[in-house]
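In case you want the letters, here they are:
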Amino acid sequence: MTIAVGAPLAGWAAPLDELPDPVFAGRMLGDGVAIDPVEGEVLAPFDGTVIGLPASRHSVTLRSAAGAELLIHVGLETVALAGEGFTAHVAEGARVRAGDRLLSFDLDLVAGRARSLLTPVVLINGDAFAVEAPVTGREVRAGEVLMRLRPLAGAAAALEAQGAEIAVDVVIPLPHGLHARPAARLAARAQGFRSELAFVHGARRADVRSAVAVMTLGAGHGQALSLAARGPDAEAAIAAIRELLEAIAAEERATLGAAAPGAAMPAAASEPGVLRGVTAAPGLAIGVAHRLAAPEPVVAEESRGSDVEAGALRDALARVAAGLAAAGRHQSQRDILAAHQAFLADPDLRGRAEAAVAAGRSAGVAWREAVRETVAALKGLGDARFVERADDLLDLERQVLFALSGEEAPAPRLPGGAIVVADELLPSQLIALEGQQPAGFCTARGGATSHVAILAQAMGVPALAAMGEAILNAPEGATVILDADAGCLRVAPDRAALEAAQGALAARAARREADRAAAAEPGRTADGTRIEMLANLGAIAEARPAVGQGAEGCGLFRTEFLFLDRQDAPTEAEQTAAYQAVADALAGRPLTIRTLDAGGDKPLAFAPAPHEANPALGLRGLRAGLRAPALLRTQLAAILEVEGPVRILLPMVNDVADVRAVRGLLAELAPGRAVPLGVMVETPSAALLADQLAREADFLSLGTNDLTQYVLAMDREHAELAPRLDGLHPAVLRLIARVADACAAAGKPASVCGGLASDPLAAPLLVGLGVRSLSAAPAALPGLKARLRSLDIADCRAAALAALDLTAAEEVRALARQRFGAPP
C-alpha cells in the first residue's frame with residue numbers, strides 16, 4: 001500500500017534536476033519533486049510527526065506513521081537568512097494532520113534574498129521507500145497528490161525488528177571538520193556494527209558508512225550534529241563513533257602543534273620579486289623553480305555495452321585499490337591513502353557510477369560524472385577546507401581513468417634542488433615525487449589543511465599554497481628562496497638575500513644536529529639540576545625510535561591499543577608479550593604502564609557499559625577498571641610478569657581509596673612483591689588531596705590535558721571555549737605547584753605526562769614549580785633537553801613563582817617568552 005504525499009505548497013512542480021544545487025539535483029539526499037511556490041505557506045503533506053525543525057525555520061522534516069521521512073526545504077541557501085521572514089507554526093515532536101499549517105514565510109523577502117525559491121520536497125529514507133508517480137511539469141494546488149511513496153519489500157519488517165532509533169548530540173571536535181581522513185576512518189569503524197548509523201544535520205542525513213556522504217555534510221569544527229543509530233548494537237556503535245572522533249581530534253591537535261610555523265617576519269607584499277602564499281608546511285629552502293603539469297588520461301566516450309563497461313569499471317577500481325594498499329612509506333601517507341581507499345569503496349559514489357553505466361554511459365564517463373557530482377557538492381558547501389578535499393576525489397578520478405585507459409601515469413622527473421611549482425598537486429603526485437627529494441612545493445591553489453600540506457609536513461619539506469596565478473609565471477629554472485615560515489617565495493634573489501638565507505639554513509641545520517647529538521645526554525639544567533626526560537608511548541613500535549630521540553625511559557605507556565576495536569579481551573599472555581617487547585626496546589630504562597583508560601567515550605565491545613550523557617565525568621579510567629575487576633586483575637597480573645624496571649600508573653584517581661583498592665589486588669596477585677604504583681593527577685580532587693596521595697602512592701604524574709579541562713570547567717571540544725583551554729592558566733599552575741610541593745614533602749617524585757610537558761614554553765615553568773620528570777612526545781625531546789640545558793634552575797623558579805600571580809594563560813606565555821625567549 002502506498003502513501004499519498006500532498007503538495008505542501010501551491011506552485012509549479014518540476015523535477016529535482018532543474019534545481020541549481022548539486023546536492024538536491026544529484027539526489028544525494030533522496031528522490032522527490034521541486035515546487036516553485038506562489039504562496040508563502042507550507043502545509044503538512046500527510047499525517048505524521050515533525051522530526052526536524054531547525055532554528056532557522058527554513059525547512060521541516062516529517063515522518064509518517066509507516067516510517068516514511070520527507071524533507072520540505074523552502075528555497076535554496078535560505079539557512080543564511082537565520083530565520084528572517086520565516087514563522088514556524090509547529091514544534092519538533094508535534095503530531096500533525098494532512099493540511100495542517102507547518103510554516104509560513106514572506107514570499108517577497110525570501111525571493112529577493114535566496115539563491116532560488118524552488119523548494120525541494122524530498123524522501124530522505126530511500127532505503128525503506130521509493131517515490132512513485134511524481135507530478136512534474138504543471139501547476140499543483142496545495143494538498144493535491146504530488147507523489148506516492150511505496151514501501152520497499154521487507155523494509156517495514158526490518159525497521160520494526162531493529163527497534164527504536166536512539167540519538168545523541170555531538171559537537172565535532174576535529175580542527176578541520178569532518179574531512180576525508182576522519183570520514184574514511186569513521187566509515188571503516190561503522191562497518192563493524194550491525195546497526196544503522198547516521199549523522200543528522202537539520203534535515204540532512206548521512207550514512208556513517210559512506211565517507212562521501214559524511215564529508216558532503218560539510219560539518220566543521222564545533223558544528224553540532226545528531227548521531228543516530230538503530231539496531232541491536234546501537235548504543236555500542238554510537239559510543240565507538242564518539243570515541244573515534246575524540247581520538248582523531250587528539251591526533252589532529254598534536255599534528256597542528258607540531259607543524260606550527262616559525263616566527264620569521266613576513267616580507268612586505270609589495271617587495272619586488274616576492275610572491276606571497278599560505279604556509280602549508282613550515283621551513284626554508286633554496287632551489288630552482290620547476291613547473292609540474294599533470295597529464296590527462298584519455299577517456300572513451302562511447303559505451304561498449306553496460307555489461308562490458310561495468311566489468312571494466314570494477315577491474316579499474318580493483319587495480320587502483322590494490323595500488324593504494326601497497327603504497328605509503330610512512331603513516332601520514334598511509335592515512336591519506338586509506339581515505340582514498342574508502343572513497344573507492346564508498347557505496348554512494350560507486351552506486352552512482354554503476355547506475356550511470358547501466359543507463360548507457362561508458363565506464364570512464366560514468367566514473368567522471370559520479371566524482372564531479374560529489375566535487376560540486378563539496379565546493380557548494382562554501383568552506384575552503386572541504387573545497388580542498390575535492391582534490392582528493394579528483395586525484396582518484398584521474399587514477400581510475402588512467403586504469404581504464406590501460407595507460408600508466410608518467411612518472412615525474414625533477415632536477416636537483418627543485419622547488420616544485422604547480423596549479424595544484426594531487427596526493428598521488430606528491431607521493432611519487434618523494435623519492436626524488438624535492439626541496440619545496442608552491443601551488444597556485446590549495447590551502448593549509450589540504451592533504452598535500454599534510455604530506456609535505458611529514459616529508460619535512462616547506463610548502464606554500466594559495467599563491468594565485470602569479471606563481472605559474474615563475475621562470476623555469478630560476479633560483480628561488482622558499483621561506484614558508486614567512487609565507488613568501490623570492491624569485492631571482494640578489495646576492496645579499498641568498499647569503500642571508502644560506503646563513504639561516506646553516507644555523508637551523510646546526511641547531512638541529514646539535515640537539516640530536518646531545519639528546520642522549522641526561523636531562524639537566526645549566527646549573528646541573530637533574531631533570532628526567534621520558535617519552536609518552538602508545539604502541540610497541542614507538543619505543544625504539546623514542547630512545548633514539550633521547551628518551552630516558554617511558555613515563556606513560558598507553559595500553560588502550562590492546563583492548564579497543566576487538567570483540568574479546570586480550571589474554572594475560574598477550575598483554576605480557578606486548579609490555580615485555582616495550583621493556584626490551586627500552587633496554588633497561590624505566591617503563592611506566594598506565595592501566596586501561598577505557599569506558600565512557602572509549603567503550604569496549606566485550607565489556608559493554610551503560611550509555612552516558614557525559615562520558616568525561618562517567619565510568620572511565622580506574623573507575624571502569626574497579627567496576628570490571630576481572631579485566632584489571634588480568635592486566636595487573638600481566639604487568640607483574642614483565643622483566644625490567646616497570647611501574648604501574650593509575651588513571652582517573654580521585655582519592656586514596658582508589659589507590660588502596662589496587663594495592664589490595666596487587667597483594668593478592670603477588671604477595672611480597674613491590675612494584676612502584678603511581679597516580680595520574682587529572683582531577684581537581686586528586687590535586688587538592690596530593691599530600692594524602694603522595695603518602696599512599698610511590699609517585700604522582702600530572703595529566704595536564706584532563707586536569708586543565710576539569711579545573712577550568714571547559715569542554716576541550718567546545719568550539720568557543722577550546723581556544724581558551726590552556727594548561728598554563730594560573731589556576732592550573734597553582735595546582736601543579738601544590739602537587740609538586742606535596743611530593744617533595746613526602747619524598748616522592750612528581751612528573752608531568754600531559755601536553756604541557758611537550759610545550760617548550762611550559763617546560764621551564766614546570767621545572768621551576770618543582771617538577772623533576774617530564775614525559776613528552778618523543779619528537780619534542782631533543783629540543784626540550786637543549787632548552788633546559790641553557791637555563792638555570794633559579795631563573796626557572798623565579799619565573800614560575802611570578803606566573804602564579806598572573807591572571808591569564810596569555811600573560812603566562814608572554815612572561816615565559818620574555819624570560820626564556822621564544823622557542824627556536
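Heads up: the structure comes first, above all this text.
All of the points below concern the structure found in this document.

**Things to note about the sheet that holds strand β8 (residues 86-88)**
No. 1: Read across the sheet, three strands follow the order β4-β10-β8 without closing on themselves; strand pairing throughout is antiparallel. Each edge of the open sheet carries a strand with a single partner, namely β4 (41-43) and β8. The mean angle between the axes of side-by-side strands here comes to 15°, regardless of whether they run parallel or antiparallel.
No. 2: Where β8 lies against strand β10 (residues 101-105), three bridges are found, and the strand directions are antiparallel. Residue T87 lies in a different strand from β10, and its bridge partner there is S104.

**Looking at the nonpolar core**
Where a protein is soluble and globular, its nonpolar side chains tend to be buried together.
No. 1: Counting 90 residues, the largest nonpolar core has Y579, L700, I736 and L774 as the members making the most contacts within it.
No. 2: A total of eight residues in this core trace back to one element, the largest contributor, which is helix α23 (residues 730-746).
No. 3: Formed by 83 residues, the second largest nonpolar core is a distinct cluster that contains A211, L245, A342 and A465.

**Points about the environment of G6**
No. 1: Tracing the backbone through its elements, the reader meets G6 in strand β1 (residues 3-6).
No. 2: When its relative accessible area of 8% is taken as the criterion, G6 is described as buried.
No. 3: C-alpha separation for the pair G6 and G99, spaced 93 residues apart in sequence, amounts to 8.2 Å.
No. 4: G6 has contacts with P45, G143, E144, V145 and L146, leaving out every residue within four places of it along the chain.

**A word on unusual backbone geometry**
No. 1: The phi dihedral of A133 falls on the positive side, at around 50°, and the residue is not glycine.
No. 2: Structurally, A133 is set in the loop between β12 (129-132) and β13 (138-140).
No. 3: The phi dihedral of Q437 is positive, around 55°, even though this residue is not glycine.
No. 4: Of note, Q437 is situated in the loop between α12 (427-433) and β23 (440-443).
No. 5: Look at Q437 and you get exposed, because its relative accessible area is 65%.

Basis of the calculations
- Residues numbered from 1 in each chain as written.
- Predicted model: local features only at pLDDT ≥ 70, side-chain atom pairs only at ≥ 80, totals over all residues.
- Heavy atoms only, no water.
- Pairing = 2+ DSSP bridges.
- Helix = DSSP H or I, 4+ residues; strand = E, 2+ residues; numbered from the N terminus.
- Axes fitted to C-alpha atoms, helices over the stretch in contact; angles between N-to-C directions.
- Core = buried A, V, L, I, M, F, W, Y, C linked by side-chain atoms within 4.5 Å.
- Buried < 20%, exposed > 50% of the residue type's maximum accessible area, 1.4 Å probe, protein only.
- Contact = heavy atoms within 4.5 Å.

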